[in-house]
Protein chains: 2
Amino acid sequence: MEREFQSTLLETAVTELSRLPGVGRKTALRLALYLLRRDEREATALGQSIIDMRRGIRYCRVCHNISETDLCPVCADPARDASTVCVVENVKDVLSVERTTRFHGLYHVLGGLISPIDGIGPDALEIDSLVERCTASGTVVREVILALSPTMEGDTTAYYIYRKLRAAAPAGGPVVSRLARGVAVGGELEYTDELTLGRSIDDRRPFDQ
Amino acid sequence: MEREFQSTLLETAVTELSRLPGVGRKTALRLALYLLRRDEREATALGQSIIDMRRGIRYCRVCHNISETDLCPVCADPARDASTVCVVENVKDVLSVERTTRFHGLYHVLGGLISPIDGIGPDALEIDSLVERCTASGTVVREVILALSPTMEGDTTAYYIYRKLRAAAPAGGPVVSRLARGVAVGGELEYTDELTLGRSIDDRRPFDQ
């Protein structure tokens, strides 16, 4: 055998597909053969949609969320409350918070979390732009909600941002808050880990609120 | 929220990706966001390779294996033994048999197995073309190896083909054989199911062969 697949076109498609996260060469071959069995129209639509998406999507100048325009739809929406900024790790988290329909402010997408083990320092993230956005003279931002994962990286990043905001606006500046930690809705106390249960006691709220 | 993803381009890519087998909308979104983070060159290469593959690959006129030309590389290779035809379910099985490097004949790809439950009858498969290929006057085919999965569908299909070949060439025709069934190489008797173990006794071979 000279070539694994007897076809350079198949070989190339399998190689490109296997670059996707979680897709090995076996899965890539399965996907390629599936696409070969489908309408040419369907396979072309998939290929073209990937190309169009990568070419057409850029990042919002203000919040760094994905956008097809200079300003993303959230930042451009005059009905949103520009005084509250929700800081998230990535674009997916924007979608998660939007799905709750409980947040009406704007976002700031960091593009990751501080993680020395992975070589990600604060400079690789959109932290300076956040501090500038929330403490510059004339800013309308009154509250910054740190909606980061309650992991070591998330906590480290939140603390770093908190310190930066405080340092940049010693005389006041925006209120900095974080997500409540506690028992999951619908979850049972018995199966809640003790750290979370402990935090849910620390974060307890008056019953009538 | 008017749109789930705030971007039609992302929405389209996620929809197209989620048509792939085993890819739900969550995975499709993960893949799309991954591609957004990569070089435009890499995402474009993936999209283009899918389009090129689907446009450029057709099926071999003789064996129905995938091919970029009228005749696939195996059928076109004069060094292969044209007197032996290995019948397989699909293109993947051609690759599996080729990897053994133990087969030097040609292939015939059925494009599936007979499965009444899935509405796949013999007419949907390349069975008539196989029978024609192996029994027409002037054929060089001397042996047909039925390399189908030892499942109900595989056995049904094999038996159907066997009958068809016999009916088309009552006075002789090619020898019809099937793969041996037995203990997997490196497998332990203790963990071999009793049906397979039974077949390995039926299919036993002289020790010195």
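All values reported here derive from a predicted model rather than from experimental measurement.

1. Description of the overall build of chain A
Working step 1: When you go through chain A residue by residue, the secondary structure sums to eight helices and six strands.
Working step 2: Reading chain A from its N end, one meets helices and strands in the order α-α-α-β-β-α-β-α-β-α-β-α-β-α.
Working step 3: Relative to the globule expectation of 17 Å for 209 residues, the C-alpha radius of gyration of chain A, 22 Å, shows a markedly less compact shape.
Working step 4: Across its three principal axes, chain A shows a C-alpha extent of roughly 70 × 50 × 35 Å.

2. Overview of the pairing of strand S3 (residues 81-88) of chain A
Residues and elements named next belong to chain A.
Working step 1: With five bridges joining them, S3 and strand S4 (residues 105-109) adopt parallel strand pairing. Within S4, the position partnered with Val85 by the bridge is Leu106.
Working step 2: Regarding topology, helix H5 (residues 91-100) serves as the crossover connection from S3 to the parallel S4, and that connection is right-handed.
Working step 3: Alignment of S3 against strand S5 (residues 143-146), held across four bridges, turns out to be parallel. The residue bridging Val85 from the neighbouring strand is Val144, located in S5.

3. Side note on the side chain of Thr44(B)
Working step 1: Among the secondary structure elements, Thr44(B) is positioned in helix H3 (residues 40-56).
Working step 2: Among the residues examined, Thr44(B) registers a relative accessible area of 17% and is labelled buried.
Working step 3: Not counting residues within four places of it along the chain, the set of residues in contact with Thr44(B) comprises Ile51(A) and Arg55(A).

4. With respect to the sheet that holds S4(A)
Residues and elements named next belong to chain A.
Working step 1: Spatial ordering of the open sheet is given by S4-S3-S5-S6, a layout of four strands whose pairing is parallel. Looking along the sheet, the strands with just one partner apiece sit at the ends: S4 and strand S6 (175-178). Mean inter-strand twist for the sheet, computed between neighbouring axes without regard to direction, equals 25°.
Working step 2: Relative to S6, S5 runs parallel, the two sharing four bridges. The partner of Glu143 across the bridge, within S6, is Val175.
Working step 3: On top of the sheet, H5 reaches S3 and S4; it is set at about 160° to S4, its chief contact.

5. Some details on helix H2 (residues 25-37) of chain A
Working step 1: End to end, H2(A) covers 18 Å across 13 residues, agreeing with the expected 18 Å (1.5 Å per residue, within 8%).
Working step 2: Inspection of H2(A) places Ala28(A), Leu29(A), Leu31(A), Ala32(A), Leu33(A), Tyr34(A), Leu35(A) and Leu36(A) among the buried residues, and these make up the whole buried set.
Working step 3: Among the structural elements, helix H1 (8-17) and helix H3 (40-56) of chain A together with H3, strand S1 (58-59), strand S2 (66-67) and helix H5 (91-100) of chain B are those in contact with the buried residues of H2(A).

6. Examining the interface of chain A and chain B
Working step 1: Every contact between the two is made by 55 residues of chain A and, on the other side, 55 residues of chain B.
Working step 2: A combined buried area of about 5,500 Å² lies between chain A and chain B, and 70% of that area is made up of carbon and sulfur atoms.
Working step 3: Of all residues in chain A, Gln6(A), Leu36(A) and Arg54(A) give up the largest surface area on contact with chain B, accounting jointly for 14% of the area buried on that side.
Working step 4: For the pair chain A and chain B, the interface holds two salt bridges.
Working step 5: Residue Glu40(A) is joined to Arg55(B) by a salt bridge in which the shortest nitrogen-to-oxygen separation is 3.6 Å.
Working step 6: Our count for the contact surface shared by chain A and chain B stands at twelve residue pairs in polar contact (both at pLDDT 80 or more).
Working step 7: Elements supplying a minimum of two residues to the side of chain A that touches chain B: H1, H2, H3, helix H4 (73-76) and H5 of chain A.
Working step 8: Tallied by class, residues from the side of chain A that touches chain B come to 29 nonpolar, ten polar and 16 charged.

Cut-offs used in this document
Residues numbered from 1 in each chain as written. Chains lettered and ligands numbered in written order. Predicted model: local features only at pLDDT ≥ 70, side-chain atom pairs only at ≥ 80, totals over all residues. Heavy atoms only, no water. Helix = DSSP H or I, 4+ residues; strand = E, 2+ residues; numbered from the N terminus. Rg over C-alpha atoms; globule rule 2.2 N^0.38 Å. Pairing = 2+ DSSP bridges. Right-handed = clockwise from strand over helix to strand, strands pointing away. Buried < 20%, exposed > 50% of the residue type's maximum accessible area, 1.4 Å probe, protein only. Contact = heavy atoms within 4.5 Å. Axes fitted to C-alpha atoms, helices over the stretch in contact; angles between N-to-C directions. Expected span 1.5 Å × (residues − 1). Buried area = accessible area lost by both parts, 1.4 Å probe. Salt bridge = Lys/Arg side-chain N within 4 Å of Asp/Glu carboxyl O. Polar contact = N/O pair within 3.5 Å; in protein donor to acceptor, adjacent residues only side chain to side chain. Nonpolar A, V, L, I, M, F, W, Y, C, P; charged D, E, K, R; others polar.

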